[in-house]
Structures are given as structure tokens and as C-alpha cells.
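Listed here are the chains, written in short residue letters.
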Amino acid sequence: MSTTPDFSSRIDSLLAEHDVVLFMKGNRRMPQCGFSARVVGMLDSVIDSYHTVDVLSDPEVRTGMKGYSDWPTFPQLYIKGEFQGGCDIVTEMHGSGELHKALGMEIAEVETPTITITDSAAEQFRAALSESPGVSLRFSVSNRFGHGLDLGPKGGIDVVVESNGIELVLDRGSAGRANGVVIDFVTGPQGGGFKIDNPNAPASVQQLDPAAVKALLDAGKGTLIDVRTPREWETARIDGAKLLDADVERWILGQPKDTLLIFQCHHGGRSNKAAEHFVGQGFTNVVNLAGGIDAWSRTIDSSVPRY
């Protein structure tokens, strides 16, 4: 896929202006896909400042960067004008220390955290590891205290914790946010899942169903904030919602920290990440609309189009 000279000149100028540029879906504060969010988390753990470009809001960049970088997917990371790679490559660089080196940052010392894995969680982990020999069980804690568990390689600068016969691997940023964590596996009417208790986490996001959110809005409580894309907003919206953009974000940040904020997206995943971000900014009364606008359409207002 080729690029025009004008587009190449535009990107050349952008890369010359900023030492670190991440072409991603969404922006640093509001990633719009899991891969972009993962790279943001890794960069946040190493450096304080970098530039992001939202490819969802600029179709020319979204199409053109695939040819410019000769890379078909996003995110795409550039450091000092050099293309580094996408999420998988940046993850490897982060684990090995190469990302720190490329960014000119020293690898800081970090204490090994104490983590407790319950018997029920250990049983699940052993079963998963037995089906994937040669990989490690990785645990991550983002700077917004989102938790992740997956299988992957162990990096040279990763921190290793043992609990209940299970080896858990963490990147150094996660290790600094994981002391005292308890990982459990619980079952209920909807099935089983891991329950993570992190005493370091700030106030948590409340998960409310559409009926509970409607009751709040009908009582004049809270502001409903839609974190979807402008295209989705044009397709369907809930009356009274505000589409999150730069102006709305500035408005939010100017409100008292106990302001009731209700976040909403298509199915609830993106809005939960947005809600966690503002909890990280010190807001203490933050709600996520569980199931998103799709659940609202199904249970509250069928006139809202589903897509």
C-alpha cells in the first residue's frame, strides 16, 4: 500500500516534532481498543510524556499509516522517528528492557510484591498452564488499576512472584501496584471467574444496570457521558447524554470530585475503561452503564436503534 508525498511529508513533520508518537485507536486517556490500551499502559510505566494520534478520528491517517509503516494494524509506535512495531513487539520490548533503552530511561528498582493466590484460583491456573507448556502466567495492573491475567513469555526484567505453588510474572510497573493483592476464583449463577482484590486501588467503578441508571437520571442525578465514536453517536444515542470530546472532558475535570458521572458505550467495555480513568483522576462517584446502549435499547427504550 503506497502513500502520497503530501501524506508522507505530514507524518515526517509529526515524527520530527515529537520524540515518541503512538498511532492508536482513541487517545492516551481514552483508548478505544485493548491493544492500544496495553501499549499506553506500558508507555505510561516508563515515561511521563508522549504524543498520541487517534486513527479513528482521522481516516487519512488510519489508511495512510498502514503504507507508511508497512504495518497493517494499530497501534504503531515510533521512537525518535523510527518505527518500533505494534502491540506484540512493544510488549516484548517492555519485558526485555529494550523499550526502556529505546526511550533513554533507566530501569528502576522495584520491590517484589506479596500476592496471595487462593486454592481455588491455583487449581484454575494449574489447569491452564498444563494445556500451554513453556509459557508463564502473567498478571498485570495498569496505572488505572485495571487487572489482567494471561499466558505469555517471561521477560528479562519481569518480576516473579510465587504463591500457592504458582509462579506469577509481572512487568515492573504492575509489580509496584500489586503488593497485597489477593487472587481468588469464585462461582455464581453466571458461572465462574477470577476475583481480584487490590488494596492499592482507588475508589472503584459502580456497575449499574439500565433500570438503576434510568432511576438516577429520572431523579435528576448524574450526567450520562457517551464514550463511543462520533459515527456510533449518529447511529444511536440516549436522550440527555453528552458525547465525550475535549470540551466535555474539560467540563468533567472542572467539576467537584464527588460529582456523579455515568459512563456509557455500546456494550459497557469502553465506558468502564473511561470510568476507571476518571476514578484515577480522583472522582469518587463514578458509574458504568452495564451492557451499554445495547442493554438500554433492549430493556428501557426500544426506539433507540441497535447495531
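An account of the accompanying structure is given in this report. (Residues numbered from 1 in each chain as written. Predicted model: local features only at pLDDT ≥ 70, side-chain atom pairs only at ≥ 80, totals over all residues. Heavy atoms only, no water.)

**Notes on the pairing of strand 3 (residues 76-79)**
Inference 1: Of the two faces of strand 3, the one lined by Gln76 and Tyr78 and the one lined by Leu77 and Ile79 are each fully buried.
Inference 2: Relative to strand 3, strand 1 (residues 20-24) is paired through four bridges, and the arrangement is antiparallel. Across the sheet, residue valine 21 finds its bridge partner in strand 3, namely tyrosine 78.
Inference 3: Judged from the three bridges that link them, strand 3 and strand 4 (residues 82-85) form a sheet pairing that is antiparallel. Bridging across to strand 4, leucine 77 finds its partner in glycine 85. (Buried < 20%, exposed > 50% of the residue type's maximum accessible area, 1.4 Å probe, protein only. Helix = DSSP H or I, 4+ residues; strand = E, 2+ residues; numbered from the N terminus. Pairing = 2+ DSSP bridges.)

**Here we look at the pattern of salt bridges**
Inference 1: Across all of its chains, the model carries 13 salt bridges by this definition.
Inference 2: Note that arginine 228 and aspartate 226 form a salt bridge whose closest N and O atoms lie 2.7 Å from each other.
Inference 3: With a relative accessible area of 0%, aspartate 226 lands in the buried category.
Inference 4: In this structure, the salt-bridge partner of aspartate 294 is arginine 298, at a minimum N-O distance of 3.2 Å. Residue aspartate 294 and its partner arginine 298 are located together in helix 12 (residues 292-299), separated by four residues, close to a single helical turn.
Inference 5: By relative accessible area, which is 8% here, aspartate 294 ends up buried. (Salt bridge = Lys/Arg side-chain N within 4 Å of Asp/Glu carboxyl O.)

**A word on the sheet that holds strand 3**
Inference 1: Strand order in this open sheet of four strands is 2-1-3-4, and the pairing throughout is mixed. Two strands lie at the open edges of the sheet, namely strand 2 (51-54) and strand 4, each paired on one side alone. Across the sheet, the mean angle separating the axes of adjacent strands is 25° when strand polarity is ignored. (Axes fitted to C-alpha atoms, helices over the stretch in contact; angles between N-to-C directions.)

**Some remarks on the pairing of strand 10 (residues 181-188)**
Inference 1: With three bridges joining them, strand 5 (residues 115-117) and strand 10 adopt parallel strand pairing. The partner of isoleucine 115 across the bridge, within strand 10, is valine 181.
Inference 2: Bridge analysis of strand 10 against strand 11 (residues 191-197) gives seven bridges, and the strand direction is antiparallel. Opposite valine 186, over in strand 11, you have glycine 193 as the bridge partner.
Inference 3: Between the antiparallel neighbours strand 10 and strand 11 lie two residues.

**Topic: helix 2 (residues 34-44)**
Inference 1: Ser36, Val39, Val40, Gly41, Met42, Leu43 and Asp44 are the residues of helix 2 that are buried.
Inference 2: If you follow the buried residues of helix 2, they end up packed against strand 1, strand 3, helix 4 (87-96) and helix 5 (98-103). (Contact = heavy atoms within 4.5 Å.)

**Describing the sheet that holds strand 11**
Inference 1: Ordered by their spatial adjacency, three strands build an open sheet running 5-10-11, and the pairing between neighbours is mixed. The strands lining the two open edges of the sheet, one partner per strand, are strand 5 and strand 11. Across the sheet, the axes of successive neighbouring strands diverge by a mean angle of 25°, strand direction being ignored.
Inference 2: Lying over the sheet, helix 6 (residues 119-130) contacts strand 5, strand 10 and strand 11, oriented at roughly 85° with respect to strand 10.

These figures capture arrangement, not role.
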